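Listed below, chain by chain, are the residues.
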Amino acid sequence: VTRDMSKIRPGRVAYAVWCNDKGKVIDDVTMIPGPVHQGRLESPFYSRLKALDTVNEWHQWKGYTAANELYCADTEYFAIRNATAVFDLTPMTKYRITGPDALDYLNRLVTRDMTKVAPGRVAYAAWCDEQGQVIDDGTIFHLREGEYRLCSQERHYGWLMDATTGFDVEVVHETDDVAALAVQGPTSYSVLSQLGIAGLDALKPFGLMHANFRGADLVISRTGFTGDLGYELWIEPYKAVTLWDALFEAGQPFGIRAIGTTALDMARIEAGFIAVYEEFLPADETVRTGRSRSPFELGLGWLVDFKKPNFNGRRALAREYRDGSTWQLVKLDIEGNKPAHHAYIFPREKGNKGDIGFITSAMWSPVCKKNIALGTVRAPHGKPGESLWVEIYYQREMHWNRRMAQATVVDKPFWFPDRRGATPPGPY
């Protein structure tokens with residue numbers, strides 16, 4: 001509603017109206033507030049996660065209670081790389097997009113050509129404002145002919161509804177209506193195979209399939225945020241706990257573990273994947289100029305297709321493609337073993353004392369045995385093979401230390417095992 005309901009105490013009555021996204025009144029109402037609820041939403045898997053928790057490290061993810069870690073982030077990380085890790089994806093924002101103009105609508109919204117994404121396929125995509133600055137990235141599932149699901153970190157219902165102007169399309173926010181799990185790691189295929197899902201061996205990367213799981217429609221996509229072999233499972237909430245229990249029973253011989261966001265973040269840095277509020281800010285939330293990024297500045301130029309008809313930000317992106325970008329995303333291999341959290345980046349040229357950028361995500365990679373980071377630097381810096389300096393500050397027993405570490409720009413993910421693309425995957 002348009003009225004500030006936080007000012008209406010229990011025992012008082014408020015007259016209010018609510019509007020659509022164009023500011024037109026839908027209806028008016030008399031509201032009688034009750035006690036303020038201070039709790040968070042619990043996903044259908046929360047009871048199972050809570051039973052495994054030993055460290056009480058939780059955070060709020062779009063209103064849901066989500067685990068940072070359940071017992072040990074390092075142990076959970078190694079489950080991703082050595083066995084099977086299960087992550088609760090339910091809080092991921094999900095929108096169902098249908099209607100006669102669903103394809104044209106999505107093609108206008110995102111920079112990628114969605115006409116090339118057939119039913120049964122998943123596309124990674126980004127969408128921009130009219131200045132060609134990224135609002136968010138996400139995955140678009142072509143579930144069936146003319147039926148799509150858009151998944152993103154942030155909520156964009158207002159933006160998506162504004163973009164429907166002129167299209168015969170329906171956008172439904174279905175986050176609470178779909179329970180989801182990420183099942184990732186070298187033994188993930190072996191675990192899912194124990195559930196007796198026919199056709200899983202033929203599922204290719206970025207493919208999806210429908211399976212009957214005890215009377216419910218189970219959507220399985222070969223997608224993930226770890227850079228490893230992995231799948232994502234999507235099911236109605238009433239079957240969520242049943243799916244969890246079946247999955248963990250099947251996974252016992254294969255080292256299955258539940259994980260939190262800390263371990264997942266470690267894996268995505270190794271894979272070279274960007275994350276909102278880490279590598280970029282949503283363009284519709286920035287206040288200062290120069291704080292947002294374009295797809296080209298985030299290493300997503302391959303998602304911009306100028307051969308298709310008009311899309312949001314096309315003119316600005318065409319101008320940037322012609323004139324060049326201001327910033328460049330870099331993957332850095334850094335000497336030493338001190339993670340370069342929030343570090344400044346400097347050029348190697350003598351006499352140049354100004355910084356050229358900064359680190360956005362950093363870690364010591366246990367599996368790569370390297371000090372790695374993602375960062376953003378001003379063009380023309382950032383070319384593969386370029387040598388840079390990184391200014392690292394770290395604390396030991398309350399004392400701060402500073403070191404200048406040499407870093408090399410690399411053009412490949414830090415972690416990309418063959419099994420990630422193998423079809424069928426091997427029986428690990």
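The structure under discussion appears in the preceding block.
Thresholds, definitions, all that
Residues numbered from 1 in each chain as written. Predicted model: local features only at pLDDT ≥ 70, side-chain atom pairs only at ≥ 80, totals over all residues. Heavy atoms only, no water. Helix = DSSP H or I, 4+ residues; strand = E, 2+ residues; numbered from the N terminus. Rg over C-alpha atoms; globule rule 2.2 N^0.38 Å. Buried < 20%, exposed > 50% of the residue type's maximum accessible area, 1.4 Å probe, protein only. Lys, Arg positive; Asp, Glu negative; His and termini not counted. Charge placed at Lys NZ, Arg CZ, Asp CG, Glu CD. Polar contact = N/O pair within 3.5 Å; in protein donor to acceptor, adjacent residues only side chain to side chain. Contact = heavy atoms within 4.5 Å. Pairing = 2+ DSSP bridges. Axes fitted to C-alpha atoms, helices over the stretch in contact; angles between N-to-C directions. Arc of directions from axis to C-beta. Core = buried A, V, L, I, M, F, W, Y, C linked by side-chain atoms within 4.5 Å.

Here we take up the overall build of the protein. Helix and strand content of the protein: 8 helices and 21 strands. Computed over its C-alpha atoms, the radius of gyration of the protein comes to 23 Å, within 12% of the 22 Å expected for a compact globule of 428 residues. Oriented by its inertia axes, the alpha-carbon framework of the protein measures out at about 70 × 55 × 50 Å. Every one of the 428 residues in the protein was classed for burial, and the buried ones make up 50%. If you average the places of the 50 positive and of the 53 negative side-chain charges in the protein, the two averages end up 4 Å apart.

Here we take up the side chain of Arg-268. On the secondary structure map, Arg-268 appears in helix α7 (residues 261-271). Within the local environment of Arg-268, its side chain forms a polar contact with the backbone oxygen of Phe-273, the two atoms lying 2.8 Å apart. Setting aside anything within four residues of it in sequence, one finds Arg-268 in contact with Phe-225, Phe-273, Ile-274, Ala-275, Glu-278, Glu-279, Ser-361 and Leu-374.

The next point concerns unusual backbone geometry. A cis amide bond, omega 10°, links Ala-379 with the succeeding residue Pro-380. One can find Pro-380 in the loop between β19 (370-378) and β20 (387-396). That bond from Thr-423 to Pro-424 is cis: its omega, -5°, falls within 30 degrees of zero. Following the sequence through the fold, Pro-424 ends up in the segment after β21 (399-410). Phi is positive for Lys-62, close to 50°, though the residue is something other than glycine. Note on placement: Lys-62 falls in the loop between β3 (57-61) and β4 (64-69). Backbone geometry places His-342, a non-glycine residue, at a positive phi of 55°.

The strand order around the closed barrel built from 6 strands is β16-β19-β18-β17-β20-β21, with neighbouring strands paired in antiparallel fashion. Between one strand and the next, the sheet's axes are offset by a mean angle of 40°, whatever the strand orientation. Note: strand β16 (residues 327-334) against β19, 8 bridges, orientation antiparallel. The residue of β19 that forms the bridge with Trp-327 is Arg-378. Contacts from α7 reach β18 (357-365) and β19, with the element oriented near 110° to β18.

Attention shifts here to helix α8 (residues 314-323). For α8, the set of buried residues is Ala-316, Leu-317 and Glu-320. Here the buried residues of α8 occupy an arc of 95° about the axis, which is enough to place them on one side. The exposed residues of α8 that point more than 90 degrees off its buried face are Arg-315, Tyr-321 and Arg-322. On its buried face, α8 is in contact with β7 (122-128). Directly after α8, the chain includes Gly-324, whose backbone phi takes a positive value near 105°.

This part takes up the sheet that holds strand β6 (residues 93-98). Each strand in a sheet pairs with another by means of backbone hydrogen bonds, the pair being arranged parallel or else antiparallel. Strand order across the open sheet formed by 5 strands is β7-β8-β9-β6-β10, with antiparallel pairing between neighbours. The open sheet has two edge strands with one neighbour each: β7 and β10 (170-173). Ignoring strand direction, the axes of neighbouring strands in this sheet form an average angle of 30°. As defined by bridge partners, β7 adjoins strand β8 (residues 134-144) across 7 bridges and the pair is classed as antiparallel. In the sheet register, Trp-127 faces β8, and the bridge partner there is Asp-136. Strands β6, β7, β8, β9 (147-152) and β10 of the sheet are contacted by helix α3 (residues 102-109), whose axis makes an angle of about 30° with β9.

The next subject is the nonpolar core. Residues Leu-200, Leu-218, Ile-220, Tyr-231, Leu-233, Trp-244 and Leu-247 are the most contacted members of the largest nonpolar core, which totals 35 residues. Top element by residues in this core is helix α6 (residues 240-251). It accounts for 7 residues. The residues contacting Leu-247, other than those within four sequence positions of it, are Val-86, Leu-181, Val-183, Val-191, Leu-192, Leu-195, Leu-233 and Ile-256.

Before going further, it helps to examine the pairing of β19. In terms of burial, β19 is a largely internal element, 7 of the 9 residues being buried. Looking at chain direction, β18 and β19 are connected through 8 bridges and run antiparallel. What sits directly across from Trp-364, in β19, is Asn-371.

Here Gly-99 shows up in the loop between β6 and α3. Given a relative accessible area of 31%, Gly-99 falls into the partly exposed group. Here the alpha-carbon distance between Gly-99 and Leu-203, two residues 104 residues apart in the chain, equals 27 Å. Residues contacting Gly-99, with those up to four places away along its chain left out, are Gly-146, Asp-168 and Val-169.

It is worth spelling out the pairing of strand β13 (residues 216-221) at this point. Of all 6 residues that make up β13, 5 are buried, and the element is covered over most of its length. Bridge count for strand β12 (residues 208-213) against β13 is 6 bridges, and the pairing is antiparallel. By the bridge assignment for β13, Phe-213 is matched with Ala-216. Following β12, the chain reverses through 2 residues before pairing antiparallel with β13; Arg-214 in that reversal takes a positive phi of roughly 50°. Of the strand pairs in this sheet, β13 and strand β14 (residues 230-235) are connected by 3 bridges, and their pairing is antiparallel. Note on β14: the bridge partner recorded for Val-219 is Trp-234.

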